[in-house]
Structure formats: structure tokens, C-alpha cells
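Now for the letters of each chain:
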Amino acid sequence: MQAPVQLLSASLQNLGRLVLIRLLVLAAQAGSVGFAWLSGKLELPWTELGITLGVSALLSIFTALRLRASWPVTELEYAVQLGCDLVIHSLLLYYTGGSSNPFVSYYLVPLTIAAATLPWLHTLTLAGLALASYTLLLLWSHPLEIPAGPRESLVIYGMWLSFALAAVMITFFVAKMAEGLRRQEQLRAERREEGMRDQQLLAVATQAAGAAHELGTPLATMSVLLKELRQEHRDEPALQEDLALLQEQVKLCKDTLQQLVRAAEAERRQSISEQGVNEWLEAVLRRWHLMRPEATYRYQCLGVGTPPRLMPPTDLSQALLNLLNNAADACPDKLDIRLDWDAREICLSIRDHGVGVPLAIAEQLGKPFFTTKSRGKGFGLGLFLSQASVTRVGGTVKLYNHEEGGTLTELRLPRNYGVA
């Protein structure tokens, strides 16, 4: 089940972090104003400051309620929110000394957030607003009547507090915002890759459907001719053996095509039966051994307890057949097949004793139409289709060079996949 779009939006998450920043700054501002009012050492426009802080609190409450809505947060809305913070900060500075207030450096926090999360046009607009506000504060502001000695101390401590606040906000919150954007970009890249893979799968499936339809007639013709040849050459035992083998292979091809049609119909009707993972694997191994009688293997079930149950779709069984065929193509002798499981996943490993995976082409494996087999022995689609089928059910396929030689193929599936 996919998450709703708004939950995956980096702008939505960033707006939530902005509300938290606003509340923290509001608490610091309200505390500072309250301390100055209680001390009685400063004469400030308390009413105007209270109204400005009240507007900031209402904006925070309104934004928090807005985050509960279903519509997505746009970049323009996020920029307007940052602009409101700049205006509120400018008003507070206007009533508390203007440009001489050490907290004027807090202008850099919203601008840094904008630069990390917004397009350059929005960032440039906010930078212009901050610069214009700072310039106006140089010309107009409510003066502070503070003696020279205490003023220097307040300025020094205010500058330190302003720097510490800005450093914490930029280091923690902006880093989180940038991380959210990187995560969203990664999700987009993964979705683009999945879309390209789906297009490739559709193209392959279309060609396979056409080939399966076209192969029916020549296979039927070959079956009839083989029967006639066996009847005509009954007195030649050696030829009879060869013709019988050919007839079996043609029958296997016809059965495979018929099974594809039946499996597709069963999957369309969702009539796939639930079975133990060991039963599924053993059935696939029996079918595979009919296809590759020259291959020898050892099968071990290492899992402890009751085998997990699953409802494997047809393409998952075909993916396993492709992996077994790849291992047999590398070396058909003494394949080591092991089945294991734990509380989270099912692990099936296939180890062959071939030459292994060349490191120079390891990254290319699994791409369509790329094969390490000699010309005419492979189309470069088996591993690609297997990975696509396994990924579709939430599993993984990985190939390793075994430390004792050969290739180790690991197929991992979620334990609870497809259980009714």
C-alpha cells in the first residue's frame, strides 16, 4: 500500500519544522519581552509588542491546523510562510531598537532555510524582502533609552544569544530539511527507474506473447513429423532414440506454452493456491529437472520449525527457473540449493561451481539484453525478468562470487508475502 502523496511531500515536512522553529523563537521572544517588562528597566511599546507576538502565535496555530488538511504544501505557500516570519521579525526589531538590536542577525535563518529548500526565484524574493526590511530599520525604528554601560552588556549578551540561536536553527533544522529533500529526490529517482523497468517488461511481455502464439503451429507440425519419422524408421534403434528425445523436447515446449496460458488464466481469476515454501520449491525443482536432466544438485532445507506458507504467482516460479537455469549454464554439476527462513524472510541460495562473476561486468548483470553467455546461448533477459518478478513481491535477488569459487545466487522473499 502506497503512502498518501502529502505524507511523502518534503514541503509538508519542512513546513512542520518551520512551525516548530517559529514556536521556539516565539517562546524566546515572549520570554525576553516578559523579562524586560517585569524588570522595569526598559520603556518599550508593550501593547504593540504584545500584538505582534500574538499575531505570530495565531499564525503558528493556523499553520499547525493547516498541516492536518489533505491538500499538498506548495513551494509558493512555503515561501509566503517564510515571508511572514521576516515581516514579524522586522516589526519586533522596529519596536526594540531597529538595526541596533543584536537579534537583527536572525534574518539569516529564514534566508538559509529558503536557500536550502526553495527555488532560486523564491529565495531571491525573500532575500530582497529581508534586505529592504533591514534598510528601513536603519532609517526608522523605535529608539531604546538605555544607559551606556548596561547597553554594552546587553548588546554583547544579545549578540551571543542571537548567534547561538541562529547556529542551532541552521545546524539542526536546515540539515533536516535538506535531508528531507534529498530523500524525496531519491524516491523520485527510484520511481523513474521503476517506470523504465515496467516499460521494458511490457515490451518483453508483448514480444513473448507474440512468440508464444506463433510457436504453437510449428511445434504441432514438428510433433506430427516426428511421429511419422519414428514409424518410417522403426528398424533403426539409434535413430529411434534420437527421435524419441526430440519428441520429448517438443512435447515439453508445447506443455510449457500450455502451462503459461493456464497460469495466466489462473492468476487472472486469482485461483493461486496457498502452499508451504518447501512444497513450492520442490515442485519447481521437479519441473526444472525435467527441463535440465543433465544437471545434478543437492537440496537442503535448513529452516527450523513449520515452513512459511505463501501464494507464489506464476512469474515468481518462472523467476526461480531462470535462476536455476543460469546456475546450470555456468556449471551443471553439483549445484548446491539451500532453503532457510527466519521470523522476517525466506532465503533461497543457489551455488554453482562455475567461473564466477567477472568484477568488470558485475554492475551490468540484471540489465536487459546483457548476457555473459556465448552468442546464441542467451538473450540477456533471464536475470532481468527474475529480478523484476522478485522485486514486485518485495524480495531481492543478489549474486556473489563464492569464496571457494563459483557464483552464489541469493533470492530473499518476505515471510508473510501472499498469505491468505
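Remember, it's a predicted structure, so these values are computed and weren't measured experimentally.

Peer 1: It is not clear to me how the overall build of the protein chain should be interpreted in this structure. Could you clarify?
Peer 2: Regarding its fold elements, the protein chain presents 11 helices and 7 strands. Among the 420 residues that make up the protein chain, the fraction classed as buried is 35%. Considering only intrachain contacts with a sequence separation of at least 6, the fraction spanning at least 24 residues in the protein chain is 72%. Working note: accessible area of the protein chain is about 25400 Å², and carbon and sulfur atoms make up 62% of it.

Peer 1: What am I meant to see in the environment of valine 397 here?
Peer 2: Along the chain, the position of valine 397 falls in strand S6 (residues 396-401). Excluding residues within four positions of it along the chain, valine 397 makes contact with Leu323, Leu383, Ser386, Gln387, Val390, Thr409, Glu410 and Leu411.

Peer 1: I'm lost on the side chain of arginine 22 in this one. Help?
Peer 2: Mapped onto the fold, arginine 22 is located in helix H2 (residues 10-39). For arginine 22, a relative accessible area of 5% corresponds to the buried category.

Peer 1: What am I meant to see in the packing of helix H9 (residues 277-291) against helix H10 (residues 314-330) here?
Peer 2: When two helices pack together, you describe them by how their axes are tilted relative to each other and by the distance separating the axes. Between H9 and H10, the least distance of the axes is 10 Å, while the angle of their chain directions is 50°. One way to sum up the angle between H9 and H10 is to call them oblique. Every pair of crossing elements has a handedness; the one defined by H9 and H10 is right-handed. Between H9 and H10, the contacting residues are Trp280, Leu281, Val284, Leu285, Arg287, Trp288 and Met291 on the first element and Leu316, Ser317, Gln318, Leu320, Leu321, Leu324, Asn325 and Ala328 on the second. Split into classes, the residues belonging to the contact of H9 with H10 amount to 11 nonpolar, 3 polar and 1 charged.

Peer 1: Hey, could you run me through the UniProt feature "transmembrane region" (unreviewed entry) in the protein chain in this one?
Peer 2: As annotated by UniProt and renumbered to match this structure, "transmembrane region" (unreviewed entry) occupies residues 20-39, 46-66, 107-134 and 154-175. Span residues 107-134 is 89% helix and 0% strand, its end C-alpha atoms 9 Å apart.

Peer 1: I'm lost on a nonpolar patch on the surface in this one. Help?
Peer 2: On the surface, a nonpolar cluster with roughly 650 Å² of combined accessible area is contributed by Tyr94, Tyr134, Leu136, Leu138, Leu139 and Trp140. No other element matches the 4 residues that helix H6 (residues 120-139) contributes to the nonpolar patch.

Peer 1: In this structure, what is going on with the packing of aromatic side chains? I would like to understand it.
Peer 2: Geometrically, a pair of aromatic rings is defined through the distance of the ring centres and the angle of the planes. Under the criterion given, the structure shown has 3 aromatic pairs. Ring geometry for tyrosine 94 against tyrosine 95: centres 5.1 Å apart, planes inclined by 75°, an arrangement best described as edge-to-face. When its relative accessible area of 33% is taken as the criterion, tyrosine 94 is described as partly exposed.

Peer 1: Which parts of the structure should I look at to understand helix H4 (residues 75-94)?
Peer 2: Residue pairs spaced three or four apart in an α-helix point in one direction, given the helix's 3.6 residues per turn. When the terminal C-alpha atoms of H4 are compared, their 29 Å separation across 20 residues agrees well with the 28 Å that a helix rising 1.5 Å per residue should span. Listing the buried residues of H4 in full gives Tyr78, Ala79, Gln81, Leu82, Gly83, Asp85, Leu86, Ile88, His89, Ser90, Leu92 and Leu93.

Peer 1: What exactly am I supposed to notice about the pattern of salt bridges here?
Peer 2: Side chains bearing opposite charge may pair, as long as their charged atoms lie close to each other. Applying the stated criterion across every chain yields a total of 10 salt bridges. Of the charged contacts, one joins arginine 292 and glutamate 294 as a salt bridge, the two residues approaching to 2.8 Å between their closest N and O atoms. We classify glutamate 294 as partly exposed; its relative accessible area is 43%. Two residues, arginine 351 and glutamate 404, come together in a salt bridge whose shortest N-O distance is 3.9 Å. Pair noted here: arginine 351 is in strand S5 (residues 345-351) and glutamate 404 is in the loop between S6 and strand S7 (407-414), with a separation of 53 residues, a long-range link. Exposure remark for glutamate 404: the relative accessible area of 61% places this residue in the exposed category. Residues participating in the shared-partner salt-bridge network are Arg292, Glu294 and Asp329.

Peer 1: Please clarify how the pairing of S7 should be interpreted in this entry.
Peer 2: Looking along a regular strand, one sees side chains alternate from face to face of the sheet. Of all 8 residues in S7, 6 are buried, a share of seventy percent or more. Here S6 pairs with S7 via 6 bridges, running antiparallel. Following the sheet pairing, threonine 396 is matched in S7 by arginine 412. What sits between S6 and S7 in their antiparallel hairpin is a turn of 5 residues, with glycine 405 showing a positive phi close to 105°.

Peer 1: It is not clear to me how unusual backbone geometry should be interpreted in this structure. Could you clarify?
Peer 2: Note: most peptide bonds trans; most residues except glycine with negative phi. With a phi close to 55°, lysine 334 is a non-glycine residue in the positive phi region. Among the structural elements, lysine 334 can be located in the loop between H10 and strand S4 (335-341). Overall, lysine 334 belongs to the exposed group, its relative accessible area being 64%.

Peer 1: I'm lost on the packing of H4 against H6 in this one. Help?
Peer 2: With their axes 10 Å apart at the nearest point, H4 and H6 run at an angle of 10° to one another. One finds that H4 runs roughly parallel with respect to H6. Across from Glu75, Leu76, Ala79, Leu82, Gly83, Leu86, Val87, Ser90, Leu93 and Tyr94 in H4, the residues of H6 making contact are His122, Leu126, Leu129, Ala130, Ser133 and Leu137. Residues that form the contact of H4 with H6 fall into these classes: 11 nonpolar, 4 polar and 1 charged.

Peer 1: Got a minute to help me understand the nonpolar core in this structure?
Peer 2: Buried together is how nonpolar side chains tend to be arranged in soluble globular proteins. Ranked by internal contacts, the top residues of the largest apolar core, which has 29 residues, are Trp288, Leu320, Leu324 and Leu413. Contributions of two or more residues to this core are made by H9, H10, S4, S5, helix H11 (382-392) and S7. With 8 residues, the top contributor of residues to this core is H10. If we ignore the near neighbours within four places in the chain, the residues touching leucine 324 are Val284, Leu285, Trp288, Ile337 and Ile350. Residues Tyr78, Tyr106, Ile113 and Ala130 belong to the second largest nonpolar core, which totals 26 residues.

Cut-off values and rules
Residues numbered from 1 in each chain as written. Predicted model: local features only at pLDDT ≥ 70, side-chain atom pairs only at ≥ 80, totals over all residues. Heavy atoms only, no water. Helix = DSSP H or I, 4+ residues; strand = E, 2+ residues; numbered from the N terminus. Buried < 20%, exposed > 50% of the residue type's maximum accessible area, 1.4 Å probe, protein only. Contact = heavy atoms within 4.5 Å. Areas by Shrake-Rupley, 256 points an atom, 1.4 Å probe, with all protein chains shown as cover. Axes fitted to C-alpha atoms, helices over the stretch in contact; angles between N-to-C directions. Parallel < 35°, antiparallel > 145°, perpendicular 65-115°, else oblique. Left-handed = near helix turned anticlockwise from the far one by under 90°. Nonpolar A, V, L, I, M, F, W, Y, C, P; charged D, E, K, R; others polar. UniProt positions renumbered as here; feature names shortened; annotations may be inferred. Patch = residues over 30% accessible without salt bridge, like charges linked within 9 Å, V, L, I, M, F, W, Y side chains within 5 Å. Salt bridge = Lys/Arg side-chain N within 4 Å of Asp/Glu carboxyl O. Phe/Tyr/Trp six-rings, centres within 6.5 Å; stacked < 30°, edge-to-face > 60°. Expected span 1.5 Å × (residues − 1). Pairing = 2+ DSSP bridges. Core = buried A, V, L, I, M, F, W, Y, C linked by side-chain atoms within 4.5 Å.

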